[in-house]
Structure formats: C-alpha cells, structure tokens
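Okay, here's what each chain looks like letter by letter:
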Amino acid sequence: MASETDYEKLGFMCGLEIHQRLATQHKLFCSCDAQLQNDISVAEIQRRQRAVAGELGRIDLSAAFETQRGRKFVYNVFRNTTCLVDADEEPPHELNGEALHTALQIVASFGAWAPAELEPMRKEVVDGSDPSAFQRTLLVGHGGNLETGGRSIGITSIFLEEESSGIEYSDGSTVIYNVDRLGIPLVEIDTEPEIRSPAEAKEVARRIGLALRLTGRVQRGIGSIRQDVNVSIRGGARVEIKGFQDLETMDKVIESEVQRQLALIDIKKELQSRNARVHPPIDVTSVLGDTKVKIVRKSLEDPDGAVMASRLKGYAGLLGKEINPGRRLGSEISGYARLAGVGGIIHSDEDLGAYGFAEEELEGLRRMLGVQEGDAFMMVAGEKRVCENALAFANIRAQQAALEIPNETRGVDPKLLVTTFLRPLPGGARMYPETDVRPIPLDAEEYERAKKAAVDVEKTMRKLGREIKNRQLEEQMLWSPQLGLFLEVVDKTGADGGTVASVLLEKTTQARRLGIDVDAITDGAMLHIFEEYSRKRITKAAIEEIIRQVPLDAKGVDKIIRSRKLERISGKNLEKLVREEGKGEGKAEIMRNIMSRHRLNVDGDELNKLVK
Amino acid sequence: MYSQELEALLNKKGITPGDTVRVVSKGKTFEGILLPRPEFGDQGALVLKLRNGYNIGLSIGRGAKVEKLARGKEEFAFPRVELSRRQGLPDITLISTGGTIESKVDYVTGGVHMVVEPEEMLAQVPEILDIANIKVINPMRKASEDMMYTDWQVMARAAAKALSDSHGVMITEGTDIMHYTSAALSFMLSGLSGPVVITGAQRSVDRGSSDAFVNLVCSAHLAAKANIAEVGICMHASSSDTFCNFTRGTKVRKMHTTRRDAFRPVNSKPIARVDVEGNIEYLEGSRRRTEEGASTRAAVGYEPKVALLKFYPNSDPEIIDYYIGKRYRGIIIEATGMGHVAVAPSDERYSWIGHMKRAVDAGMVVGITSQTLYGRVNPNVYRNLRLAAGTGAIYCEDMLPEVALVKLGWLLGNHKRAEAAKMLNKNIAGEITERTEVEWE
C-alpha cells in the first residue's frame, strides 16, 4: 500500500458523506412508521417526471440523460409506511421533533454550530427515486470537527433529510421503487476534503459511524448507514463513490479508484498525441443482415431492430487497455451505453471472431465506417431508438477519454473491489425552498439540551478501557447494541466492568446458541442481577444460571434466586461449609470438592483465600 | 420584510436581496446571496443562500457584521415558448386565468412567484406545440378563490368568441372553485361548436412531478380533436400519470383537498377518457361537435344575490330572515338525506318551515339539494319532506348544491322570477339526469 506522502504527491483529495437513518417512530414529514416492515405492497402508482426549467439555463448532463431516457416510474405503496405525503398527493406535515432533537444531538457531538433558523429546502432529484421529484432537506449544522489518530478532520455540514425510495427493479424504460423507505429521517454528515489516504478515509468513516451509534438513536442493520466517498487526484476528476457494502474494503476500493484515474490520465495523453476523434454514429444494419452473431441476430428479429456503430479515430488498442483489474476503457464506455437500456457495446479491441462475426462482415463494417489503420470502432444492437440513445451516450464518453476524466457517480463492485460507472455526477444540486413548510426557529435552550446529550467517542473509549480491561471485549462493546445498558449497569451498580461485559456479550451469546430467548430479559432485570451481584448476594456463576431462566423483571430475578437457592455462601457460612465438607488432601482437592458441589453459591476467590 | 433594525442596517450598507454578502455571526463567517425574508419566520433572522444551495437563517445580534461582496445579477428569466402557427395542426385557444398551474418558485432568490406568463407555463410542456396551434389570451391572473361571477362573464364571452375561429378552447384556472366555473360556463354558453376544456394543477408547474404536464397535454388533445361540444373539466383520473377524465361541467366536483384525481364525476360518468398520446375513449353520450352552422352564444346575465345554506342539527333558520332582509332573490338549501330540514324539533324556533315559506312569499326562489351529493332528492317519501315541499321550495333532483346555486344565479340573471323557478329543476346543461344507472365507475 502506498504511503500518505505518495498520495500527497498525487494530489489526493478525499472527503466523506455519511448517511445514517435515525431510529424515530415516524417519518420526517408525516406520521408513517419509520421502521421498514418487509410487508407486501398494496397498490402501485405510475408517474412520469421531467427536469424542470434549468437554473440559469445551464445544462446538467445528469438531468439531461435522465430526461432523454424518458423512463416510467412505478411506485409500490405500503399500508403502514406510505401515505399521501409520500405519494406526493398531500403537502408535508410538520417537521418531526424527535428527528430534529436527534439531529441536534449529532450536531453537538461534532462540535458543530446550529443556525438560528432552519430553512427547509427541496433538492431536485432526477432519477425518480422520490415521487415529488425532490428531496426535503435542512441544514442543521455547520463547521464541526472530528478527532482521529491525533488529527482533526473538519465537518463541513450536517443535514437532516428524507431517505429516498428503495429500488425494486429497473430497465431501460421502467424503474420500480418501493415507497416504504421514502421519508425516513436521515442525517448526512459531510467532511472537508482533508483526508490524506485511503486508510484514513476508512478510519474517519469508522469514527463517524461510531459516534452515530453512540447516540443510541440511529437505526441499525443493512442499509441503515451508507458511506459515500468523494475522491480526486491532480489531473483526474471528482468522483463520488456510493454503495460500500462494508467499511473493511473501503481503502482497497479507493486505491483502485486512484489507479483507475491514473490509467485514464495516461490514456488521455496517448489519445491526444494521436489526435483521436469520435465520429457520429451510423446505421450499419445492412452489413449485418444475415449475421450469425447471436446477440445481433436476436436484436434484428424485432422489426424496429438495428445495429449502429461509430468510428473511433486513433483509438486502436486503447479501448482494451486495462485500467483496473478486469476493467478496460471499453467497460467505462459500455456503462454509458447501458443507461439507454442496451446490454453494452461491442468494440474492435475485443476478439470479434469469438462473437461469431464473419471476416467479410467486419470488412464491410470497416468500409462503411471508414475505419483505417490505428482506428477502432464500437457498435450496439437493439431497438433503433434505443441504439441511437445508447451510442450517443457512448460517444460522449469515448470523446471525453481524449479530453478529461469525467466527474461521475460510481458504484462499487464488491468482488473486484473496483468502482463502476453509475451516472454522470449531477452539477451543483438544484435547491429551492420547501414553501409548504415554515422556517423553524431554533431556540437556544433546545441546542443546549442537545449539547448535554452529545456523545464523545474518545471519552467512551477511555471509559471502556478503564472498566473492561480486555482489548477484545472493549472493541466488541464499543460496537454493541448493549453499550447503553453496559454503561448504565457499571454506573449504577458499581459492578466490575469485565464481568458485566462478559455477561452481556459472551454469556448471552452462549445461551442464545442453546436456543434460550435471552433477548426477552428486560434491562430492568439485567440491572437488578448486577445489583445483587455487586452487593454479594449472588456469585458470578449464578448470574449465568439466572439469565438462562430468562427473568422478565426485578421480581423475577429475586424469585429465581430464591427458588433455585442461588444465594451466595460467604463469610462465616463459608467457613462452616469448609469445616464440614472441606475434606481431602491439600488445598486443590479441598477446593475442588467444595466447588463441585457448590459452584453456583461459592465465589472461588473467597474460597481460595479461606482455604489454607 | 426583515425587522426594522435589519432593514435599516441593510439600507445603510446599500444591500438589497439578490446581492452577495458576507455575514459574521457568533464568530462564524458565511457568504451567500441575501434572500428576501420569507413570509413566515423570525423577521430578525437574515436568510442567506449558501454556495451549496442551502438556505440558512442567521441571527444578527450584537457584534454581528454584514458586508456586501457583489451586486445581485439581473433577475432570472424563465424559459418561454415562441408561439408560431404551423400548417396542418388544428387551432385552439388557451384562456389563462391564474392558479397553481401558473405558479412557480424563482430558483435564484427562492421567492415564490404566484404567477408566470402562459408562454412560460407552456415552455414546461413543449410537446403541446405538436398537438395544436395555440392562441393565448390572458384576461386575468388570480387565485380561483378570489374569482367572482364577473370573472365567469369575462371567461364565457372570451370562450364564445374563441370558438368562432378555434377548434376548441382550453381554460387554465385554479382548482378550488373550478367546478363552480365549469357550471357557470355550462349555463352561460349555448350552441357550442366545440369543446371548452377547463384544467389546472394540484401541484405547481415548477415541480418535476407536477400533474400539470399530463393535464395540459390531455386537455390540448381534447380541445384539438375531441368530437364533443360541451363544457367540462379535464384532470387526472387517478393518482397515476396515465390518463385524464373529461367530466361534464355540471356533474363534477372537487372531492379532495390535494390529490391529483380530486375532480370526480358525481351522479354521472366522465364523458371521455384521454391519455397523453391523444387516444380518446368516449364513455358517456354527449353533445357532438357540429361542423356547420354552430355559433356559440354567451348569455352572461347573473344575479349575485343568491345564497347557499347548509342545514345541520341545531342550525338556526333565522339566517333565512337575514337574506330576506338583504333582498336576496334566491336560496339553495343543502338539506340532509333526500332533502330534509327540521320541521318539528323539540324547540319549535328551530323549525325551518315557517322561514322557508316566508322566503317564498317574499318572492325568493328556494331550491332543495342534498348534502349527500350522491343521489336524488325527493319531496314525497316522508311526511316531513312533504311539509318542506309544501312551503313552495323546489326539489332539485340529482343536481349538486353548488351547481344549483350557480344555475339559480344564472336563471335569475336572464329570466323573470316565475320562469326561473320553473326551470330550476329542469335540465338545461346536463346538470339533471332523468335516470341513474345501477352502477357506474
């Protein structure tokens, strides 16, 4: 792996956008359940959207692509998680106070500053993922910071916004969205582009995730937190990488992206030196009328089917040039063509014989396109209208290869750990006021309350170190849903943290594996168990026995202690026990004798001190 | 408007909304475009549009600094279409009157423009120019709730004139009272040579999800080629952007505050269903276009001294005496069920019978409709109905209350009292149907 200084030489710039769903009861601007329920949709709504008048007439490539695709959007609606607000059939209700409170807690946790008045905004969305064609969002925090590894990374902004719809299906003409997820409160945290290496990006993402987790008010599970990474190098482009499956591979993916941009810079220079140029697409169906190439033949069965191709002057050998393991410039261009609904492109750096093209067909193609030595060509097959769009998009990308590295939104290939093209990066987000909701004044007291509830990752880590004294358990507890309960138990009962952590993390897991429903044990019951342990009414071994009986409250704990005779034998009673039953040769055997019969009632340490 | 102190500060520095400013507040520095103060919120908070597009409200307390960095650019102009005539396309006239369909947000300042030019509205649906040659007239621009009968008179005259050289007429209007307008035009216009299609939007046209696009396109198709010569409303048939219903102007009502498909046919079917491709399916018999000899007439007389009264438990009938005193000429009562009002309540002061009779005796036309909206009123089934009918009140069949109100105003504006009373429960413009089918969609 390259060092930070290597990345500095490359002009590496990197910032994160962390999106975290909040665990509120309701959605951000309506009273739908904010917890996904995995139920079946009850109806569907079909809509079409269009990019509305552009701000200052600037053409946004991303919006233009989407409009040209002219896709139909279908929204699946759900009984408990979709209402008229989500379906864009009713104005938003008031901002969810619970979500705002949590957002402010997060703002305070990063030492950021909350504005005097929150201004609800609409951010235009062109991919149909919101039936209203915009996402509601508010700037809630500004200018904070995050301490990690002795460095301070700036937090530019914190937003409170609506989650988008989940995608169910998509092809060239239709996208189906599930509108259950839409509108769940989401906090977005943006860092400054101050991250110096892929490894540091991973660490910052981890730290932010941890801070969010510590608030105890965020959703957990797959998809509840998403990390987008903005990366660029000198001479490269700003690329937004979305869709990291897990943090573990984040650094590897960023490294691949840097490699990709470096490779594309080399290709660009080579294309420029060759004076490369992309020619407009032409219809080459006549040349391939009787082809044996399966995918082409299938397209031509459609009466509207066609094959279209473009001459790429000076591109020979570069379309097939590897830019990442298993990825070529041709793969990048294919990604653009796919936006129009074709499967991809076929290009002349591939083994065309393997597709089944006859030599005379290829000769005919070259002649028709005017391909010469040093040139390449690419083609798409399908419905004529789709082919025209596909090749128009592919041509844009091919031409860009000679001019610049395009700014893009890219996804992650979880196997190859490389990034893949998703869509052009939207230009500056188009924002305008959400006039259906009034501005929300923030009173100073509200923010002060949030400050009191602020979390401090460093402090929590130090406390866990002091209490648990076991690196592995500390790390496990830090990320565990039991963290809140753990802190409550050690603060209230004074029980030793090592034992509490071991019970909450390890003993419960063992019991769960035996099929015991330990998750039914209430926090109150757990607290009472450790109270009794702390005041020496029971032993550590008895705790395990009690949790396997699944007490539902403090009374239940007492009942189990009494009925199963789990009271600790100590002091004079233990001395008496040793006198009566402590037979055997030597200390070890005496202890073994007693413990084998009174394991749950006798504390080993105490017995050890007593037996001489 | 900002607070007086803030306005004074901005004046002193020569700063106006639209300018780029730097604000230092509580030790933090912000740069952005100064926005006009939104109608609601803290007048002492300065609203900036930051470079990332977000707006932010900053409190300008002691020690805060505001400084002008650059003057605002010229106001953003919305794109607009150039209307030119193309051979082979039918001619239609668009009468634009205002409403949500012509509202928009200004992206630069974030201010809401309640109105845009019709040519700007059409720029959002450029495909409409491939459907017909559109002549635009713009006699007014107002929210529909501000409309009065005089506006209907203007619209009726304009529509009659437009039909003399257009294949059909489209009217864009705010949706709130659209069904009153459609009723008024249904009565005012007669001998129509083509369709008068009223449309609007439940979502403003600046939103990518606006229903205006589909409503405008479908309405243009109807106005350009439907074989219909009636007044009706063309709006979404469902929540989906698939097709619109064209419903007779006297049998349609806004039945939802916000949904796209708020306009529902009542006691009737839609006349036609139309999709964005221009496919028209005729569902209900209607008056057909006549190629020759049709000349649309507008009889725009209207008597504004008519009232719509809702009967409800404990409602005090003395309100009728108020209208008698104010020399009103007609009252439509929105009664319960088949047309009931209180006739023998435990406190007899609340009986409506005497007051209704007094109104009829004073020369007013009194009509009875039902607040159930669906179904027909009947003067005979119960004794109480017969008592109410005995006052001389006229039972208005399956006519909607609002339609009856507009009809009565129109009748009294164009006819003598006795004639108006006779015509109130006779069908003129499809407002009364003689038979109701067992089921309809």
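Cut-offs and rules
Residues numbered from 1 in each chain as written. Chains lettered and ligands numbered in written order. Predicted model: local features only at pLDDT ≥ 70, side-chain atom pairs only at ≥ 80, totals over all residues. pLDDT = per-residue confidence, 0-100. Contact = placed C-beta atoms within 7 Å. Pairing = 2+ DSSP bridges. Helix = DSSP H or I, 4+ residues; strand = E, 2+ residues; numbered from the N terminus. Axes fitted to C-alpha atoms, helices over the stretch in contact; angles between N-to-C directions. Nonpolar A, V, L, I, M, F, W, Y, C, P; charged D, E, K, R; others polar. Buried ≥ 20, exposed ≤ 12 C-beta atoms within 10 Å, placed from the backbone. Right-handed = clockwise from strand over helix to strand, strands pointing away.

Turning our eyes to something else, we now look at the confidence of the model for chain A. For chain A, per-residue confidence averages 91 on the pLDDT scale, and 96% of positions sit at 70 or higher. Predicted confidence is poor over residues 54-59 of chain A, with pLDDT under 50, and the contacts of this stretch with residues over four places away or in other chains come to 7 contacts.

Next up on the list: the sheet that holds strand β12 (residues 239-241) of chain A. Residue and element names in this part refer to chain A. The strand order across the open sheet built from 10 strands is β21-β20-β12-β11-β1-β10-β7-β6-β5-β22, with neighbouring strands paired in mixed fashion. The strands lining the two open edges of the sheet, one partner per strand, are β21 (418-424) and β22 (431-433). Along the sheet, successive strands turn relative to each other by an average axial angle of 30°, direction set aside. Two elements, strand β11 (residues 225-232) and β12, share 3 bridges in a ladder whose sense is antiparallel. Across the sheet, residue Val231 finds its bridge partner in β12, namely Val239. Sheet strands touched by helix α4 (residues 198-214): β1 (13-21), β6 (134-148), β7 (151-162), β10 (185-191) and β11. Its angle to β1, the strand with the most contacts, is close to 25°.

Across the contact, 42 residues belong to chain A and 36 residues belong to chain B. Those elements giving two or more residues to the side of chain A that touches chain B turn out to be β2 (43-47), β4 (117-118), β5 (121-124), β6 and β22 of chain A. Taken together, the residues of the side of chain A that touches chain B sort by class into 22 nonpolar, 8 polar and 12 charged.

Residues and elements named next belong to chain B. For strand β13 (residues 231-236), the buried fraction is high: 6 of the 6 residues fall into the buried class. Here strand β12 (residues 196-199) runs beside β13; their pairing, made up of 3 bridges, is parallel. Bridge assignment links Val197 to a residue of β13, and that residue is Gly232. Between the parallel elements β12 and β13, the chain passes through helix α5 (residues 212-225) in a crossover that is left-handed. Sheet topology places β13 next to strand β14 (residues 243-248); 5 bridges connect them, and they run antiparallel. Residue pairing across strands places Ile233 opposite Thr247, the latter belonging to β14. Connecting the antiparallel pair β13 and β14 is a turn made up of 6 residues.

Further remarks concern the environment of Trp113(A). When you line up the elements, Trp113(A) lands in the loop between α3 (97-109) and β4. The spatial distance from the C-alpha of Trp113(A) to the C-alpha of Gly70(A) is 42 Å, given a sequence separation of 43 residues. Leaving out residues up to four positions away in the same chain, Trp113(A) has contacts with Gly141(A), His142(A), Gly143(A) and Lys28(B).

What follows concerns the pairing of strand β8 (residues 166-170) of chain A. All names here are of chain A. Here β8 pairs with strand β9 (residues 174-178) via 4 bridges, running antiparallel. Bridge assignment links Tyr169 to a residue of β9, and that residue is Ile176. Where β8 folds back on β9, the antiparallel hairpin that results is connected by 3 residues.

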